[in-house]
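Summary of structural features
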Amino acid sequence: MSSSVASFTANHHIMLLSSADAVRLSGANSSGGRRVKLRLTPPRAALVEVRPQQVPAVRDVAGNSNATGRTLQVGPSSRDRADDMQSEARAMTRAADASVYSPDLLSNKYGSRPIKVLRRALQIFNGLGSFALKVWLDQLNGELDRKMRLRAIELRQTFTRLGPTFVKIGQGLSTRPDLCPPEYLEELSELQDALPTFPDAQAFSCIERELGRPLETVYSSISPSPIAAASLGQVYKAQLKYSGQVVAVKVQRPGIEEAIGLDFYLIRVVGILINKYVDIISSDIVALIDEFARRVYQELNYVQEGQNARRFKKLYADKEDVLVPDIFWDYTSGKVLTMEWVEGVKLNEQEAIERQGLKVLDLVNTGIQCSLRQLLEYGYFHADPHPGNLLATPEGKLAFLDFGMMSETPEEARFAIIGHVVHMVNRDYEAMARDYYALDFLSPNVDVSPIVPALRDFFDDALNSTVSELNFKTLVDGLGAVLYQYPFNVPAYYALILRSLTVLEGLALYADPKFKVLAASYPYFAKRLLTDPNPYLRDALIELLFKDGKFRWSRLENLLVQGKKDRDFSAKDALQPVLKLLLGPDGKELRDLVIKEAIRVSEAIILGSAIESFNSVPGPMRTFVFNGNASGPFTISAAEQQSLMELRAQVIKIWGLLQSSENFDSSLLQPILQVLQEPEARSIGGRVVGGISQRLAARLLQQVLRAPETTAAA
């Protein structure tokens, strides 16, 4: 739905006059007093231009009249919620007979139609077999690279001829640079919205049949032809008669259910054979096919898609840079979807985006942050984020479209994914292997010990770079090579996650070949680790910060640096999970570590400040004050002194990072002061003060005992 196609001008819009199922509009500006008439026409087509109708003055939700005479956009968000729910209920009634994927029903239906099944199987075999034969001959003749573009075009054309099911498969392949060369990716990406259309007369007839009313009672204008055609339907641009709101109207392809039903029956038969006879493929192919088919069938129910859009908007459109269109339930059914028109440019049209003064990488980063929230915060995510479904609006927002294919990440898996990143950073391969239980990659009875060496071999090499420099595709490819050797079963939700992130990284690579999706993702992970009170993530944070009984201040500094890059990071929130864990009934072991580290830090600050003050004293005065002792008030080796000063500097730097947070204020200290009133906190404070006193007293005693020896030596 790019703005470059079929856009309306400021002074007029186009109205369709087509066959017996279309309409003719004649009239003028309603303010001129003439009435608009619509009537059926004989089988012919023509285009006319009419001036836009003025929308009568209406009152907004505050009761104020709109006296400007401008077209007022009245979307579902401005209507009473009860009315909106009633409209949605009526739309659900219209979609009551929507098809649902059922392997058993398909088997019963097509198992008794062998001739039809055989005819379709031969059609698929001829199309794909002919392509495979040509590729094989190219390889034999050494012309594989030279003819790659030609073969990519032929594959796209073959998928198009084979129909909607294979177009969906091609769309999936177009987002998998790990499976397809660049030439194939470019050609298959055209399957996103550059597909053959079906007759407009059928589309308009479908609208009238589904909504149960004449076309002219719904829309005051509609584009003369589709502005986009997808695998399952095509989209028109229209204007609602009741409000003047510009909308997108998606109409389902006729006969689509029959076409995809037969194809999935055949594909599932192939999957059953693969599961039974191909041992080298460990994944359950039939389960993956069923998951994919189930989601495609869900896309056939446009009311379900509308509900998906509403849920997605509620969860993620709270950010100012994310846009999700409204749904108009009164004009939506199982096969017709009317939604708010979004003006914008597809995310892979870099030059067009830059002409609007926008940056592709900024939009991709918005997409990545939104995707991470989808995958790891609420678990409800857009499973088909190809360039045709992502638009850059003139205002710089990222608009999500087409909510037919959605998926959910199980709650346990959300935290396991974040923990998996922590374990990867720590190179804790035993824990990484155990994560695959929570991720549902392995059944609990599978021994993970043989997997650990394979993970170590791959990640030790990959992690020679920092996490921020890792390429997501490299990790996916490498991990895939590891999983290939073991009895892994990749869950369908995880395959969709990989697809989603791979698409976003692919879009970014067009603009910047050095872009790394993990670098853009790490601030979100850091923020979640520092602020999320979930027990799993609190344990992951402790695991990341403590090693062999020592606190790794460099890790905390890195988390704060990265976390601050996330716009939702709060320094105040970052303290709460740690404080609660520290003072909780299960925090004894952590308290011992924290007390030990607090003593060490306090000593470093006190002695470091003393050493710094001593070094600032002029040489002659220093000798006089300390009676000729060049080392100052305490006897400290050069190595220990350097260590103390480095620790002090790092702690001061981390405090500076907290202070420099946008939302830092004095209230940050209030939770700490409140916590210090707790009995357990007073106990910790007492132990820390006692420990510091003992350390300083020991150093002072050492200094006193060494003084005579120093004098004697002199």
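The name that an unreviewed UniProt entry assigns to the protein chain is Protein kinase domain-containing protein, with the source organism given as Solanum stoloniferum. The protein chain has a UniProt comment under Sequence similarities (unreviewed entry) that states "Belongs to the protein kinase superfamily. ADCK protein kinase family."

To continue, consider the overall build of the protein chain. In terms of helices and strands, the protein chain carries 26 helices and 17 strands. Within the protein chain, counting contacts between residues at least 6 apart in sequence, those at least 24 apart form 71% of the total. As presented, the protein chain carries roughly 34,800 Å² of accessible surface, and 56% of it is formed by carbon and sulfur atoms.

This part takes up the nonpolar core. With 140 residues, the main nonpolar core has Phe312, Leu347, Tyr436, Leu455 and Leu559 as its most contacted residues. Sort the elements by how many residues they give to this core and helix H17 (residues 492-511) lands first, with 10 residues. Sequence-distant contacts of Leu559, defined by excluding residues within four places in its chain, comprise Tyr522, Ala526, Leu529, Leu530, Leu541, Leu544 and Leu545. Core analysis: the next-biggest nonpolar cluster, separate from the first, contains 19 residues, Ala203, Ile222, Val247 and Tyr331 among them.

For the rest of this paragraph, the subject is the side chain of His423. Locating His423 in the fold gives a position in helix H13 (residues 411-426). For His423, a relative accessible area of 6% gives the class buried. Apart from the residues within four sequence positions on either side, His423 is in contact with Asp428, Ala431, Met432, Asp435, Tyr536 and Glu543.

Before going further, it helps to spend a moment on the pattern of salt bridges. Counted according to the given criterion, the structure contains 27 salt bridges. Here Arg151 and Glu154 are joined by a salt bridge, their closest N and O atoms 3.0 Å apart. Here Glu154 and Arg151 lie together in helix H4 (residues 148-162), a separation of three residues that amounts to about one turn. Across the salt bridge formed by Glu291 and Arg295, the nearest N and O atoms sit 2.2 Å from each other. Remark: Arg295 and Glu291 occur in helix H9 (residues 285-299); sequence separation between them is four residues, near one turn of the helix.

Rules of the game
- Residues numbered from 1 in each chain as written.
- Predicted model: local features only at pLDDT ≥ 70, side-chain atom pairs only at ≥ 80, totals over all residues.
- Heavy atoms only, no water.
- UniProt positions renumbered as here; feature names shortened; annotations may be inferred.
- Helix = DSSP H or I, 4+ residues; strand = E, 2+ residues; numbered from the N terminus.
- Contact = heavy atoms within 4.5 Å.
- Areas by Shrake-Rupley, 256 points an atom, 1.4 Å probe, with all protein chains shown as cover.
- Core = buried A, V, L, I, M, F, W, Y, C linked by side-chain atoms within 4.5 Å.
- Buried < 20%, exposed > 50% of the residue type's maximum accessible area, 1.4 Å probe, protein only.
- Salt bridge = Lys/Arg side-chain N within 4 Å of Asp/Glu carboxyl O.

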